[in-house]
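What follows is each chain in one-letter form.
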Amino acid sequence: MKIYIAGHRGMVGSAILRQLQARKDAGEQLELVTRTSTELDLTDQIAVRDFMQAERPDQVILAAAKVGGIVANNNYPAQFIYENLMIECNIIHQAYAAGVQKLLQLGSSCIYPKNADQPMQEDALLTGKLEPTNEPYAIAKIAGIKLCESYNRQYGTDYRSVMPTNLYGPGDNFSPENSHVLPALIRRIHDAVKNDDPEVIIWGSGKPKREFLHVDDMAAASLFVMDLASETYRQETQEMLSHINVGSGTDVTIKELAESVANIAGFKGQLRFDASRPDGTPRKLMDVGRLANMGWTYSIELEDGIRATYDWFLQQRDEDLRTV
């Protein structure tokens, strides 16, 4: 089995690669194909065509994407829609042209309308307006779903899509400028401990609720969905509503999240919530019943996952300091 993992250096792609490598080490006959962005520009149609024709993988896992937090999405909307559309179009079409029958595309929970009923079910897709700040990225991800469904419908391929909730874990982006909420809290609270700051100011009231899933659970869910027999997958999905939500099915307030990070990092100061700053959507929780019916549920509890992620963050910072 020859599997191409697009985006193998990203947080999710690297987690999927680790789990596939473990399978290979355990004796499965796998050939794992990867390319860095310098080796293969996924926005280049000709380059992707030549790569697919040369390699002709049996399966493709599309974990490559341009991603970022609210600031990056707001500042670079053209790049987010263009690059993600090009990556999806090139990989999905050229996979089909090279005879790839099975493909898994990873999306995002931002595909759902801003005011979707909670928890968000798969059939909420395209039923309302998107969150304006990440609309370009969301539209690209919706297009990826519809590409897979359309190729299945016209050409009989078996191209699947999974939509993760907020992910975190090893390989995350801890930049103070453009990271997501959990790595941002880890970075800021860690810096406060290091600098002996008396308080950490957090945007918003702390009341919005968010769902989180460890990236190793996401990788496991992705491979679980990829491994499903076609009959099982089709039985649980629909021809033009084929994507599957992946999450924990539980959520916490931002305040509770910040308190957990502070406890793990040993921060003794005050967490101050600036209610003059925007809260964003009050709640974003995925309905994961479809995946549960197929037989998969998450295994890493949030506090355990945060602790492991914080340990990884500290280890990476130590390694970075040693290389300076």
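Since we're looking at a predicted model, the values are computed, not measured.

Draft legend 1. Structural detail: helix H1 (residues 11–25). The end-to-end C-alpha separation of H1 is 21 Å, in line with the 21 Å expected for 15 residues at 1.5 Å each. Regarding H1, the residues found buried are Met-11, Val-12, Gly-13, Ser-14, Ala-15, Ile-16 and Leu-20. Remark: Gly-27 follows H1 within two positions and exhibits a positive phi of approximately 115°.

Draft legend 2. Spatial organisation of the packing of helix H2 (residues 45–55) against helix H4 (residues 77–97). Contact geometry of H2 with H4 gives a least axis separation of 9 Å together with a crossing angle of 35°. In terms of crossing hand, the pair formed by H2 and H4 is right-handed. Across the interface between the two elements, Gln-45, Val-48, Arg-49, Met-52 and Gln-53 from H2 touch Asn-90, Ile-91, Gln-94, Ala-95 and Ala-97 from H4. Of the residues assigned to the contact of H2 with H4, the class counts are five nonpolar, four polar and one charged.

Draft legend 3. Main features of the environment of Lys-284. The topology assignment puts Lys-284 in strand E13 (residues 283–284). Lys-284 sits 241 residues away from Thr-43 along the chain, and the two C-alpha atoms are 31 Å apart. Setting aside residues up to four positions removed in sequence, Lys-284 forms contacts with Ser-109, Cys-110, Gln-118, Met-120, Lys-209, Arg-210 and Glu-211.

Draft legend 4. How the structure looks around the nonpolar core. By size, the foremost hydrophobic cluster in this structure holds 30 residues, and its most contacted members are Leu-20 and Leu-106. Looking at this core, the elements that each hand over two or more residues are strand E1 (2–6), H1, strand E4 (102–106), helix H7 (215–227), strand E10 (244–246) and helix H10 (289–294). Considering each element in turn, this core owes the most residues, seven residues, to H7. Non-local contacts of Leu-20, meaning those with residues more than four positions away in its chain, are made with Ile-3, Ile-5, Leu-30, Leu-32, Ile-61 and Leu-223.

Draft legend 5. Molecular detail of the pairing of strand E5 (residues 158–164). For E5, the buried fraction is high: seven of the seven residues fall into the buried class. Residues Asp-158, Arg-160, Val-162 and Pro-164 line one face of E5 and the alternating positions Tyr-159, Ser-161 and Met-163 line the opposite face, and both faces are buried. Handedness of the E4-helix H5 (residues 135–155)-E5 crossover: right-handed. Relative to E10, E5 runs parallel, the two being bridged by three bridges. Note that in E10 the partner of Val-162 across the bridge is Ile-244.

Draft legend 6. Fine view of the packing of H1 against H7. In the contact formed by H1 and H7, the axes pass within 8 Å of each other and the chain directions differ by 65°. In the packing of H1 onto H7, the handedness of the crossing is right-handed. Between H1, through Met-11, Val-12, Ala-15, Ile-16, Arg-18, Gln-19, Leu-20 and Arg-23, and H7, the contact on the second element is made entirely by Val-215, Asp-216, Met-218, Ala-219, Ala-220, Ser-222, Leu-223 and Asp-227. By residue class, the composition of the contact of H1 with H7 is 10 nonpolar, two polar and four charged.

Draft legend 7. Layout of the pairing of strand E3 (residues 59–62). Alternating positions in E3 separate into two faces, Gln-59 and Ile-61 on one and Val-60 and Leu-62 on the other, with burial throughout. Two strands pair when backbone bridges link them, and E1 and E3 are joined in this way by four bridges, in the parallel orientation. When the sheet's bridge partners are listed, Tyr-4 is paired in E3 with Val-60.

Draft legend 8. Focus on the sheet that holds E1. Strands sit in the order E2-E1-E3-E4-E5-E10 across an open sheet of six strands; the sheet is parallel. The open sheet terminates on both sides in strands that have one partner only, identified here as strand E2 (31–33) and E10. On average, each strand axis in the sheet is inclined to that of its neighbour by 20°, with strand direction left out of account. Against the sheet, H2 engages E1, E2 and E3, with an angle of about 160° to E1.

Draft legend 9. The arrangement of unusual backbone geometry in detail. Residue Pro-119 follows Gln-118 across a cis peptide bond; omega there is -10°. One non-glycine residue, Leu-126, lies in the positive phi region at around 65°. Its place among the elements puts Leu-126 in the loop between E4 and H5. Here the phi dihedral of Asp-196 falls at roughly 60°; this positive angle occurs in a residue that is not glycine. Structurally, Asp-196 can be placed in the loop between helix H6 (181–195) and strand E7 (199–203).

The rules behind these values
Residues numbered from 1 in each chain as written. Predicted model: local features only at pLDDT ≥ 70, side-chain atom pairs only at ≥ 80, totals over all residues. Heavy atoms only, no water. Helix = DSSP H or I, 4+ residues; strand = E, 2+ residues; numbered from the N terminus. Expected span 1.5 Å × (residues − 1). Buried < 20%, exposed > 50% of the residue type's maximum accessible area, 1.4 Å probe, protein only. Axes fitted to C-alpha atoms, helices over the stretch in contact; angles between N-to-C directions. Left-handed = near helix turned anticlockwise from the far one by under 90°. Contact = heavy atoms within 4.5 Å. Nonpolar A, V, L, I, M, F, W, Y, C, P; charged D, E, K, R; others polar. Core = buried A, V, L, I, M, F, W, Y, C linked by side-chain atoms within 4.5 Å. Right-handed = clockwise from strand over helix to strand, strands pointing away. Pairing = 2+ DSSP bridges.

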